[in-house]
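# Breakdown of the fold
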Amino acid sequence: MTVEEKLGQLEQFDARASMNDASEPKIYDEKLRLGRVGSFLGLSGASLTRRAQRIAVEQSRLGIPVLFADDVVHGFRTLFPVPLGEAASFDVDAVERAARIAAVEATAYGLHWTYAPMVDIARDPRWGRIVEGSGEDVYLGSAMAAARVRGLQGKDLAANDTMMATAKHFVAYGAAEGGRDYNTVDISQRTLYETYLPPFRAAVEAGVQSVMAAFNEIGGVPMHANHELLTTVLRGQMGFDGVVVSDFHAVHELIDHGVAAGPQEAGLLALRAGVDVEMTSETYLRQLPAAVRDGRLATEVLDQAVRRVLRAKHRLGLFDDPYRYCSESRERVRTLTPLHRQAAREVARKSFVLLKNEGGVLPLSRRLATLAVVGPFADERRNMMGSWAAIGRVEDVVTPLDAIRSAVGAGTRVLHAKGASLKAADPVALAEAERVTREADAVLVFVGEDYDMSGEARSRSSLDLPEAQQALVRALQAIGKPLAVVLFTGRPLTIGWLAQHVSSILLAWYPGTEAGHAIADVIFGDHSPAGRLPVTFPRAVGQVPIYYNHKRTGRPPDAAVEHTSKYLDVSWTPLYPFGHGLSYTSFEYLDLNVSAQKIHPADTVEVRVTLVNTGTRAGDEVVQLYVRDDVASITRPVRQLRGFQRVHLDPDERRTLVFKLGPADLSFYGSDLQPVVEPGTFTVFAGGSSVAPLSVQFEVVGS
Ligand code: GLC
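Since the structure is predicted, the reported quantities are computational estimates derived from the model, not experimental observations.

This part is about the overall build of the protein chain. The number of helices and strands found in the protein chain is 22 helices and 26 strands. Its C-alpha atoms give the protein chain a radius of gyration of 26 Å, near enough to 27 Å, the size a compact globule of 703 residues would have. Out of the 703 residues in the protein chain, the part that is buried amounts to 63%. Looking at the protein chain as shown, the accessible area adds up to about 24600 Å², and 50% of this sits on carbon and sulfur atoms. Averaging the locations of the 75 positively and 84 negatively charged side chains of the protein chain gives two centres separated by 2 Å.

Inspection of the region around the ligand gives 13 residues, with Asp71, Arg129, Lys168, His169 and Asp247 positioned closest. A distance of 2.8 Å is found between an oxygen atom of the ligand and a side-chain nitrogen or oxygen belonging to Arg129. Relative to its unbound accessible surface of 310 Å², the ligand loses 96% to contact with the protein. Split by residue class, the shell around the ligand holds six nonpolar, one polar and six charged.

With 184 residues, the main nonpolar core has Phe40, Phe170, Val171, Leu364, Leu371, Phe446 and Val485 as its most contacted residues. When residues of this core are assigned to domains, at least three map to each of domain 1 (3–70 + 215–332) and domain 2 (343–532). Dropping the residues within four chain positions of it, Phe170 is found in contact with Leu197, Phe200, Val211, Met212, Ala213, Ala214, Met223, Leu229, Leu230 and Leu234. Core analysis: the next-biggest nonpolar cluster, separate from the first, contains 25 residues, Val607, Leu657, Leu666 and Val700 among them.

Below, the discussion takes up the pattern of salt bridges. Close approach of charged atoms lets side chains of opposite charge pair. According to the stated counting rule, one finds 47 salt bridges in the structure shown. Between Glu456 and Arg129 there is a salt bridge whose closest N-O contact spans 3.7 Å. Placement of the pair is Glu456 in the loop between strand E14 (442–448) and helix H19 (467–479) and Arg129 in the loop between strand E4 (113–114) and helix H6 (138–153), with a sequence separation of 327 residues. When its relative accessible area of 25% is taken as the criterion, Glu456 is described as partly exposed. Under the relative-accessibility criterion, Arg129 is labelled buried at 1%. Each member of the salt-bridge network shares a partner with another, and the members are Asp91, Arg97, Glu346 and Lys350.

What follows is about the domain arrangement of the protein chain. For an interface, size is often stated in terms of accessible area lost upon the parts coming together. Here the domain parsing of the protein chain yields domain 1 (3–70 + 215–332), domain 2 (343–532) and domain 3 (587–700). Placing a centre on the C-alpha atoms of domain 1 and another on those of domain 2 gives a separation of 43 Å.

What follows is about the sheet that holds strand E11 (residues 353–357). Strand order in the open sheet formed by six strands is E11-E16-E15-E14-E12-E13, and the pairing between neighbours is mixed. The two strands at the open ends of the sheet, each matched to only one other strand, are E11 and strand E13 (413–417). Pairwise comparison of adjacent strand axes, ignoring direction, gives a mean angle of 15° for this sheet. Packing against the sheet, helix H18 (residues 427–439) makes contact with strand E12 (370–374), E13 and E14, and its axis sits at approximately 160° to E13.

Further remarks concern the environment of Leu41. Its location among the elements puts Leu41 in strand E2 (residues 39–41). Leu41 sits 29 residues away from Gln12 along the chain, and the two C-alpha atoms are 6.6 Å apart. Leave out the neighbours within four places in its chain, and Leu41 touches Gln12, Phe13, Asp14, Ala15, Arg16, Ala69, Asp70, Asp71, Tyr115, Phe248 and Met279.

Two numbers describe how H18 lies on H19: the axes approach to 10 Å, and their chain directions differ by 30°. With respect to each other, H18 and H19 are oriented roughly parallel. Considering the relative orientation of H18 and H19, their crossing is right-handed. Taken together, the residues of H19 that come into contact with H18 (itself represented by Leu430, Ala433, Glu434, Thr437 and Arg438) are Leu472, Ala475, Leu476 and Ile479. Taken together, the residues that form the contact of H18 with H19 break down as six nonpolar, one polar and two charged.

To continue, consider the packing of aromatic side chains. We describe a pair of aromatic rings using the distance from one ring centre to the other and the angle between the two ring planes. In total, this model carries 19 aromatic pairs according to the counting rule given. Here Tyr173 and Phe215 contribute two aromatic rings whose centre-to-centre distance is 6.1 Å and whose plane-to-plane angle is 65°, an arrangement assigned as edge-to-face. Of the two residues, Tyr173 sits in the loop between strand E5 (166–170) and helix H7 (189–196) while Phe215 sits in the loop between strand E6 (210–213) and strand E7 (217–218), which places them 42 residues apart along the sequence. Three or more aromatic residues joined by ring pairs make a cluster, and in this case those are Phe90, Tyr139, Tyr548, Phe578, Tyr626 and Phe644. Here the guanidinium or amino end of Arg382 rests over the ring plane of Tyr451, the centre of that ring lying 3.8 Å away. For Arg639, the ring lying beneath its charged end belongs to Tyr626, and the centroid distance is 5.8 Å.

Quick look at the sheet that holds strand E18 (residues 598–599) now. What the five strands build is an open sheet, ordered E18-E26-E25-E20-E21; its pairing is mixed. In this open sheet, the two strands that pair with only one neighbour each are E18 and strand E21 (640–649). As judged from the two bridges shared by E18 and strand E26 (residues 695–700), these two strands associate in the parallel manner. Of the residues in E26, the one forming a bridge with Lys598 is Glu699.

This brings us to the pairing of E11. Of all five residues that make up E11, five are buried, and the element is covered over most of its length. Pairing geometry for E11 and strand E16 (residues 504–507), over four bridges, is antiparallel. Each residue of the ladder has a partner; that of Lys356, found in E16, is Ile505.

Another aspect to go through is helix H3 (residues 46–59). Here H3 is 14 residues long and its end C-alpha atoms lie 19 Å apart, about the 20 Å a rise of 1.5 Å per residue gives. Of the positions making up H3, those classed as buried are Ala46, Leu48, Thr49, Arg50, Ala52, Gln53, Ile55 and Ala56.

Before going further, it helps to examine helix H21 (residues 515–523). For H21, the tally of buried residues reaches eight of nine residues, placing the bulk of the element in the interior. Within H21 the residues assigned to the buried category are Ala515, Gly516, Ala518, Ile519, Ala520, Asp521, Val522 and Ile523. Packing partners of the buried residues in H21 comprise helix H15 (338–351), helix H16 (382–385), helix H17 (400–407), E14, strand E15 (483–488) and E16. Phi turns positive, to about 85°, at Gly525, one or two residues after H21.

What counts and how
Residues numbered from 1 in each chain as written. Predicted model: local features only at pLDDT ≥ 70, side-chain atom pairs only at ≥ 80, totals over all residues. Heavy atoms only, no water. Helix = DSSP H or I, 4+ residues; strand = E, 2+ residues; numbered from the N terminus. Rg over C-alpha atoms; globule rule 2.2 N^0.38 Å. Buried < 20%, exposed > 50% of the residue type's maximum accessible area, 1.4 Å probe, protein only. Areas by Shrake-Rupley, 256 points an atom, 1.4 Å probe, with all protein chains shown as cover. Lys, Arg positive; Asp, Glu negative; His and termini not counted. Charge placed at Lys NZ, Arg CZ, Asp CG, Glu CD. Near = heavy atom within 4 Å. Polar contact = N/O pair within 3.5 Å; in protein donor to acceptor, adjacent residues only side chain to side chain. Nonpolar A, V, L, I, M, F, W, Y, C, P; charged D, E, K, R; others polar. Core = buried A, V, L, I, M, F, W, Y, C linked by side-chain atoms within 4.5 Å. Domains from an automatic or database assignment. Contact = heavy atoms within 4.5 Å. Salt bridge = Lys/Arg side-chain N within 4 Å of Asp/Glu carboxyl O. Pairing = 2+ DSSP bridges. Axes fitted to C-alpha atoms, helices over the stretch in contact; angles between N-to-C directions. Parallel < 35°, antiparallel > 145°, perpendicular 65-115°, else oblique. Left-handed = near helix turned anticlockwise from the far one by under 90°. Phe/Tyr/Trp six-rings, centres within 6.5 Å; stacked < 30°, edge-to-face > 60°. Lys NZ or Arg CZ within 6 Å of the ring centre and 35° of its normal. Expected span 1.5 Å × (residues − 1).

In structure tokens form, the structure reads like this:
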């Protein structure tokens, strides 16, 4: 391979503006013939990808196949709930199934590689990309990361319905100061090792074949120039042997970071740090041939990056059959199938979190005489899809209004009024909404944050619902009919007024293609909600960052004691804690016990708890297990999630659940940043949220 052919393998071009439309000029054809394209971002479709692949394979000197990549984040044509919503299901198998279906559909369109799962831990809801991940907790985030990697990559990466996954964005992107996207990250090594690296480790252990570097710097070193983290830690310590891809134009942005004087230095810094594939900024191809020739870029550094890219293509089976993923027939028969829709409906149902249900307004009867369906999200399609909607189409989406109309009994009159637009008041619409509410026996109000207020470059300084929608809820609540709010959002919101005055609040996130049916299934009680919060809901944005696994401090907050860690103007506690979620039935936790009172550091202890459905309806419950290391050489969180099981019980049914706690669950990073299990007592909590009181202790003895 010539230097230019090698560097060509490392270049990724954005095809979204050109190659992805049959009518657009094919501006990369010549580069393909010269072997200057390693991969494309955003080129999909069996015929378009085959066309590009034929040029690369049959018209270039070496005939190396091209990789086709895109953002398949929560579905491809059939859209599942946004990742934060999927995480709220606390159902690892359901999330893996969703990823599997996404891969089946994306590969049917010729894609080999997706930039998912996003595994960034996020403790700051001002950061819009919180919607793309699995929330604030390392244990949940790691479980979801591994599940999505398994679903996307399957058991055979060379199969025509599996694709290369990407753990992104490496690393600590969610710790941006001020919750402002792309902003500076400055955290301790301990926080990095305890909070932000573990989900990447879980993805690597699940076999992820690609990692994307993050836009941010950490402690003064931009990630795209961070050899210590990209090579020593990711490859050396974690054993990652796949491809590191840059983020969009991020190699060139080393100039904006102020660590590169120009594009050649930027390219040299990134390639040496361990960024194998450059997404769209072309510094490698344009600037590095000269650096190789004058010896500033060691051939071995270049060759190892090229080897990784070629190995990925080999693992995908592209050298055996470059056209393996290009099949118009699979495009037609493998996307938006009834089974895929059914799966999307099930995951959406599981993602919903019943935040409040005073007086049991929900579930509604199907035999109401008149039901009012109000709010800007009631008859809304695009918002149901959330951000990163791949090739999802609005016409595929089932709206809440349509689903409710088809779900109610023949005798029920459904009245609809928008009441307000997403961001602006509308007095006429408000009056109409009040009118239909007065006529109704119950009212459902569909409100939320526009899908485009979360996601990339969508940070907010406020977490409030748009005022027009708050006014709508206040006006309808004043009428005094049974009222439930269905809330759409990609982040925690400060909904204190709703929490205080509205009887029932169902959090729906952005539920995807089957939004309407899933909502109707829960609203009318065919399925009891059981989703749990993967992120803490604050009372006020001023509390942020706020998360459940916080430290105790030397003056733990105590409302009754003046000089303790709290606020003058708002309770220090969250509005709704991590792990919170209600059900239409009720559960009781009994007989929490451990298999041994004392264990050695290398031992495993079994924890048992009995769950009883004490209500009148069948339902799921997410049983959560938390652990606190009561005294240690390094301060420890008040509790940490170390197990969860989503189980279904019929009324009066009881089940004893077993959890295992071993060194990986009990250890922390000691003063030398090495994992250690220290002797002393541990307290185990079990229950339906992170504030579960039921506890039991055991002791680790010996060193
Ligand atoms: C974006 C995002 C990244 C995405 C990439 C390609 O800037 O940061 O998550 O995969 O560009 O679209």
